[in-house]
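# Chain and residue survey
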Amino acid sequence: MNPAGNLSYDVFVNDPPPPDGFLPNGEPKRFSPMASTMICGSEDAVLTDPGLTEDQALALGDWVAGKGRNLTDIFITHGHGDHWFAAGLLAERFGARVVASAGTITQMHGSVAARPLLWDKMYTGIPPSPVTAVTVPGDRFTLEGHDLAIVEVGHADSDDSSVLHVPDLDLVVAGDAIYNGVHMYLAQSAVGGFGPWRDAIGHVEALAPRHIVAGHQNRRLDDDAARTIAETRHYLDDAEELLRTENTAAGFFNAKIARYPSHLGRMILWVSASALYGVREHPAENAAQIILNSWL
Ligand SMILES: [Zn+2]
């Protein structure tokens, strides 16, 4: 018997907000595409990481509505605002509950506090973002009898990251633990290095999924778990090597582009390079402030 039964999933990749300024190489400063996963039963459905802006919420919401399911829950993988500031609009439109791990809820409060210093300086059209997420007992909930398990993976591109494991679909919705064809946000590894992120990848791999939906992905790529895990590891290895061989943030930025010419999200590459080198060059200064400044 097929354990999936009537269970299936589909992915909507939202465009980033309009560019805000320019990168050092003259390109528009464009944020990364953002992916939401809809896990569908016969009648009910669960949605993940609904995005940042009102425009994104509208585009995603219309796609969700077209699926003709009753949306019961919206799951948030981690606290970064680009993954959930639009959650309230979707929750209201579909009458859904917002669900996250306790650690992610803590990070969400931090993101709300940072919002006026960061997101509101870059983009207009971000809706009100009160934290309404709740935990579920044992970090488990169900969709028409199928298990959905929230698995904490620790630090990836943010502290207290989690993924959603759907065993009956051999699926992991990985948030930002795994990337797919998009530059990875390395800034929060400027203190502590990439070891914790490698551990997070190991947690995902231990779930033995066949499919992984990365939170940031190129919509033209598939969701092969082995490939996305290997490429996410390789990107970190590469970054470590370039931190040894490149003396400046600009050198790191250009070398990464040369190695990953078709990766999307070069704004995030520049933020990462600025933060990694900024923290390294100013060890006595406040790292959180350096990371924040690297965005603006
Ligand atoms: Zn993200």
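So, here's what we can say about the structure. Computed from a prediction, not measured in an experiment: that's the story for all the values here. (Residues numbered from 1 in each chain as written. Predicted model: local features only at pLDDT ≥ 70, side-chain atom pairs only at ≥ 80, totals over all residues. Heavy atoms only, no water.)

Right, let's get into the overall build of the chain. Counting secondary structure elements, the chain contains 9 helices and 10 strands. Here the C-alpha atoms of the chain give a radius of gyration of 18 Å, agreeing with the 19 Å that 2.2 N^0.38 yields for 296 residues. Dimensions of the chain along its principal axes, counting C-alpha atoms only, are 55 × 40 × 35 Å. Here the chain holds 296 residues, and the buried ones make up 56% of them. Here the contacts in the chain between residues at least 6 apart in sequence split such that 72% fall between residues at least 24 apart. Roughly 12000 Å² of accessible area belongs to the chain as shown, and the carbon and sulfur atoms make up 52% of that amount. (Helix = DSSP H or I, 4+ residues; strand = E, 2+ residues; numbered from the N terminus. Rg over C-alpha atoms; globule rule 2.2 N^0.38 Å. Buried < 20%, exposed > 50% of the residue type's maximum accessible area, 1.4 Å probe, protein only. Contact = heavy atoms within 4.5 Å. Areas by Shrake-Rupley, 256 points an atom, 1.4 Å probe, with all protein chains shown as cover.)

On the secondary structure map, R69 appears in the loop between α1 (54–66) and β4 (70–75). A C-alpha to C-alpha distance of 22 Å links R69 and D170, two positions 101 residues apart in sequence. For R69, the contacting residues outside a window of four places in its chain are M38, C40, G41, S42, E43, D44 and A45. Among the polar contacts made by the side chain of R69, one reaches the main-chain carbonyl oxygen of G41 at a distance of 2.6 Å. A polar side-chain atom of R69 sits 2.8 Å from the main-chain carbonyl oxygen of K67. (Polar contact = N/O pair within 3.5 Å; in protein donor to acceptor, adjacent residues only side chain to side chain.)

Let's shift gears to the nonpolar core. Counting residues in each nonpolar core, the largest one holds 77 residues, and the members touching the most others are W119, L186, W197, F252 and W295. The biggest single contributor to this core is helix α8 (residues 266–281), with 8 residues. With residues near it in sequence (within four places) discarded, F252 still touches L186, A239, L242, L243, E246, L269, A273, L276 and Y277. Core analysis: the next-biggest nonpolar cluster, separate from the first, contains 19 residues, I39, L143, L164 and L169 among them. (Core = buried A, V, L, I, M, F, W, Y, C linked by side-chain atoms within 4.5 Å.)

Attention shifts here to the sheet that holds strand β2 (residues 34–40). The mixed open sheet is built from 5 strands, whose spatial order is β1-β2-β3-β4-β5. A strand with exactly one partner marks an edge of an open sheet, and here the two such strands are β1 (8–14) and β5 (97–99). Strand-to-strand twist of the sheet, defined as the mean angle between neighbouring strand axes without regard to direction, takes the value 25°. Pairing between β2 and strand β3 (residues 44–48): 3 bridges, direction antiparallel. Residue pairing for β3: C40 is matched across the bridge by A45. (Pairing = 2+ DSSP bridges. Axes fitted to C-alpha atoms, helices over the stretch in contact; angles between N-to-C directions.)

Here the focus is the coordination of the zinc ion. Every protein donor of the zinc ion is listed here as D82 (OD), H83 (NE2), D176 (OD) and H216 (NE2), and their distances to the metal cover 2.1 to 2.6 Å. Its 4 donor atoms give the zinc ion angles of 84 to 168° at the centre, a pattern that matches the irregular case. Taken in sequence order, the residues that donate to the zinc ion follow the motif D-H-x92-D-x39-H. Here D82, found in the loop between β4 and α2 (87–94), pairs with D176, found in the loop between β9 (171–175) and α5 (195–206); they are 94 residues apart in sequence, far enough to count as distant. The same class applies to D82 as to D176, namely buried. (Donors = N, O, S within 2.8 Å, 3.2 Å for Na, K, Ca; no water. Tetrahedral: all angles 85-135°; square planar, octahedral: opposite > 155°, others 65-115°.)

The N-to-C vectors of helix α7 (residues 249–259) and α8 enclose an angle of 145°; their axes lie 8 Å apart at closest approach. Note that α7 runs across α8; the crossing there is right-handed. On α8, the residues touching A249, A250, F252, F253, K256 and I257 of α7 are R266, L269, W270, A273, S274, L276 and Y277. For the contact of α7 with α8, a count of residues per class yields 10 nonpolar, 1 polar and 2 charged. (Left-handed = near helix turned anticlockwise from the far one by under 90°. Nonpolar A, V, L, I, M, F, W, Y, C, P; charged D, E, K, R; others polar.)

Quick look at the sheet that holds strand β10 (residues 211–214) now. An order of β6-β7-β8-β9-β10 is seen for the 5 strands of this open sheet, with the pairing classed as mixed. Each having just a single partner strand, β6 (140–143) and β10 make up the two edges of the open sheet. Sheet twist, expressed as the average angle between the axes of neighbouring strands with direction ignored, equals 25°. Pairing of strand β7 (residues 146–154) with strand β8 (residues 161–166), which is carried by 5 bridges, proceeds in the antiparallel orientation. Looking across to β8, one finds that I150 is bridged to L164. Strand contacts of α5: β7, β8, β9 and β10, with the helix running at about 160° to β7, the strand carrying the most contacts.

Okay, unusual backbone geometry next. With a phi close to 55°, D160 is a non-glycine residue in the positive phi region. One non-glycine residue with positive phi stands out, namely A208, at about 55°. Within the secondary structure, A208 is located in the loop between α5 and β10. With a relative accessible area of 56%, A208 lands in the exposed category.

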